[in-house]
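What the coordinates show
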Protein chains: 2
Amino acid sequence: MKIKINFERLKNEIIELSQIGKDPRGGISRPSFSKPDLKAREWFKDKISIAGLSLRQDGAGNIFGRLEGEGKTIMAGSHLDSVINGGIFDGPAGVLSALESLRAIKENSLKLNKPLEVAAFTDEEGNLVGDFLGVRAFTGSLRREVLENGLTQFGKPLKDILQDTEFSIDSIMQADKQRPDIDAFLELHIEQGQVLETEEKSIGIVDCIAGKNYWVCSFSGRASHAGTTPIELRQDAFLGLADFALKATQYVATQHYGSKVTIGKAHIFPGAFSIVSGRADFSLDFRSTSEESLQAMEIFFLSLAEDISSTRGLKFRYKSIDKTKPVTTPPRLTNLLQEICEKEDYSHMILPSGAGHDAQIMASITDSAMIFIPCTDGISHSPEENIKWEDLEIGANLLLQSLIKLAS
Amino acid sequence: MKIKINFERLKNEIIELSQIGKDPRGGISRPSFSKPDLKAREWFKDKISIAGLSLRQDGAGNIFGRLEGEGKTIMAGSHLDSVINGGIFDGPAGVLSALESLRAIKENSLKLNKPLEVAAFTDEEGNLVGDFLGVRAFTGSLRREVLENGLTQFGKPLKDILQDTEFSIDSIMQADKQRPDIDAFLELHIEQGQVLETEEKSIGIVDCIAGKNYWVCSFSGRASHAGTTPIELRQDAFLGLADFALKATQYVATQHYGSKVTIGKAHIFPGAFSIVSGRADFSLDFRSTSEESLQAMEIFFLSLAEDISSTRGLKFRYKSIDKTKPVTTPPRLTNLLQEICEKEDYSHMILPSGAGHDAQIMASITDSAMIFIPCTDGISHSPEENIKWEDLEIGANLLLQSLIKLAS
């Protein structure tokens, strides 16, 4: 018997959830452990219970709904939290498609061997103390000092934010169950890019998730008067940053096609009209699906910063604040997804993921794969984030079919 | 009879005044109409009265001390306000040297024909609504709308700051006396650059003050995800700014030697690690002693911004918020200063001023000239601003001799 998800129910649930944490500026703001997030958690737990799945929550606030079976668990999920002023699909599309798949299996009384679980991981977006808090806790790759010392983007320490919840730093650290019983993890997610839309495909099968480096960097020079300091005598920190930004981008674009480098934050000091800048602080985000490219970029950036410093009379400092490795999807999962797409005639393609996802962290403890669906104009992390509903229907049915195959 | 200034008295007064508005971080913070500035004004008015000069204050808070005479007035002065966290010589050196000169003339009962005045102009540093508020009011070149609409750097409108003082927007606008009776204006000031120090000269005779343009500019592009947006599809506003900064600097350094361009402020939006910047706002300060160079720079910058916008898929907007013309010192004043230096064997040279000064604005109503003295390492607008006292002694005596000649 071939079963399908109940698409109207899935669509209605996504719309229902999008009402929790509406931002007056548009879109939603639902960072983990905020009031709207706590409300969304209760809403989701009710859905699990009503579906007749067994509900479990760990000390990091990760929520699981389980359909019992024998042997190793097949898990699917994503996250319910959002960036500030974000969209309604990034995360929920994956969680609710997984819930709907389990519900469809249960309602159709399909007898599978293995247990199935839907998972919603805490703070994938890193509004608190860095990306992937929940899944990192779950997979045992979270360092306690980050929880204790990290300042959240709301200007408060994590423990103050946890005060109004049932969680604590201790409980988060205890979430690590090192579950050796998980056989595979699947995550459906919007692409957050424009490849699928451009190629007119409904499905992207992710063969690799990029590794990512976050650095905080600074050039320091000498603040001086804009009217009296000849250009050739300046030690202008901002010009050092400008030089670095252009050359770093040029290098990655020409030498590591498909890899990325981004300077998304910059602050220059003292920051006045008529003062040559004495210091320029900036963020450096670089990513690649190739470990070799990441290493080459790191070497190049350090040597570039040194060259610029010596030419322009500056000093360069940097600190690495986050680092994830590229993850390759096991062929047994990409092959499975491809076979179903071919059989069901879902338009699809293989592509890498430039963004990080819960699936990337899950790869450290189990076989992990991702299904992408297109999003309009590639826009995400924005109130304008949107999808074509028919793509979600195809994606959710692909997820359902994959879970059935894996659990059989 | 040849008279000299009382150097110990001048030095003591500079040190006395430096105690008013001390900043806990070092240096002084004495923006116009702040509490320390109001205290400094009272201190200065007392000095004028004690010296037996007639005291006058106009509606913009400009303070004058007058030694009566017949015919047109010879005026000398500068300003008492400072930038936040600034030095103790920028401004006060000129005001107190002028006061000391008038005092020396009076104490020595020197009979001169013309009246002499010392002037202290309000807010030369532009902490309120743009540079030169006081001298612009005095010379009739201040626009009322700037006073009414401009937001001060303290985040308040000017009228709120004036509330605690005896001044108002009306009184400032009435300060314009268009005084046709001023025959010449002299300003002694620290160089705020390194030319005199490098050339080992005690005196710089300014033959030209650079004209200055202040623009606020913005590139806008499209904010997008740093992990999923291929480099070649980005519309990265910050990279547009970086490109502009390097090419603008390169152009001025190679095509307009001695002119300056500075980007001292930059803010990029939304300003997150993993978001390609959608907007980059920045300040553009460009200066030259040549009107032709200023015009050429303006044309080049606009065309450069257009090129960059079209190459990088950005939009460029700008607004001119201040513009002063280059001013050439009348030869009768540079010649006079040179003759005295040669006669007295003061080591000196002719040089342009890259910074703007009260003397530049005074040039619109009278013959105006400047005497520079060296400052250590060219540092100014900083707690580390310093001078060699013997240079100030020479400068103040040059000012005294010049005033005597001009008033005779």
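All figures in this text were calculated on a predicted structure; none of them were measured in a lab.

**Here we look at the interface of chain B and chain A**
Across the contact, 55 residues belong to chain B and 55 residues belong to chain A. Buried surface at the junction of chain B and chain A, both sides included, amounts to about 4,400 Å², of which 64% is carbon and sulfur. Three residues stand out in chain B for area buried against chain A, namely I231, L246 and F273 of chain B, and they jointly supply 18% of the buried area on that side. For the pair chain B and chain A, the interface holds zero salt bridges. Connecting chain B to chain A are 14 residue pairs in polar contact (both at pLDDT 80 or more). Looking at the side of chain B that touches chain A, the elements with two or more residues in it are β7 (211-220), α9 (237-255), β9 (260-262), β10 (266-269), β11 (275-276) and β12 (279-288) of chain B. Per-element accounting of the side of chain B that touches chain A gives the leading share, 10 residues, to α9 of chain B. The residue makeup of the side of chain B that touches chain A, split by class, is 28 nonpolar, 16 polar and 11 charged.

**A closer look at the domain arrangement of chain A**
Residues and elements named next belong to chain A. For chain A, the assigned domains read domain 1 (7-210 + 326-407) and domain 2 (211-324). Taking the mean C-alpha position of each, domain 1 and domain 2 sit 34 Å from one another. Between domain 1 and domain 2, the contact holds 12 residues from the first and 13 residues from the second. Counting the surface lost from both domain 1 and domain 2, the interface buries some 800 Å², and carbon and sulfur atoms represent 52% of this. If you look at where domain 1 meets domain 2, you find two salt bridges. One salt bridge connects D322 with R136, and the closest N-O pair in it is separated by 3.4 Å. Run the count over domain 1 and domain 2 and you get three residue pairs in polar contact (both at pLDDT 80 or more). Taken together, the elements giving at least two residues each to the side of domain 1 that touches domain 2 come down to β6 (203-209) and β15 (348-353). Residue composition of the side of domain 1 that touches domain 2, by class: six nonpolar, four polar and two charged.

**A look at the pairing of strand β16 (residues 367-373) of chain B**
Residues and elements named next belong to chain B. Most of β16 is tucked away, with six of its seven residues classed as buried. Inspection of the sheet shows strand β5 (residues 182-190) paired to β16 by seven bridges, in the parallel sense. Bridge pairing in β16 links E187 to M370. In the sheet, strand β6 (residues 203-209) pairs with β16 via three bridges, with the strands oriented antiparallel. Paired with I205 across the bridge in β16 is I371.

**Some thoughts on unusual backbone geometry**
Following F269 of chain A, the chain continues to P270 of chain A via a peptide bond in cis, the omega torsion being 0°. The topology assignment puts P270 of chain A in the loop between β10 (266-269) and β11 (275-276). Even without being a glycine, Q192 of chain B presents a positive backbone phi close to 65°. Within the secondary structure layout, Q192 of chain B lies in the loop between β5 and α8 (195-199). Judged by its relative accessible area of 3%, Q192 of chain B is buried.

Criteria and cut-off values
Residues numbered from 1 in each chain as written. Chains lettered and ligands numbered in written order. Predicted model: local features only at pLDDT ≥ 70, side-chain atom pairs only at ≥ 80, totals over all residues. Heavy atoms only, no water. Contact = heavy atoms within 4.5 Å. Buried area = accessible area lost by both parts, 1.4 Å probe. Salt bridge = Lys/Arg side-chain N within 4 Å of Asp/Glu carboxyl O. Polar contact = N/O pair within 3.5 Å; in protein donor to acceptor, adjacent residues only side chain to side chain. Helix = DSSP H or I, 4+ residues; strand = E, 2+ residues; numbered from the N terminus. Nonpolar A, V, L, I, M, F, W, Y, C, P; charged D, E, K, R; others polar. Domains from an automatic or database assignment. Buried < 20%, exposed > 50% of the residue type's maximum accessible area, 1.4 Å probe, protein only. Pairing = 2+ DSSP bridges.

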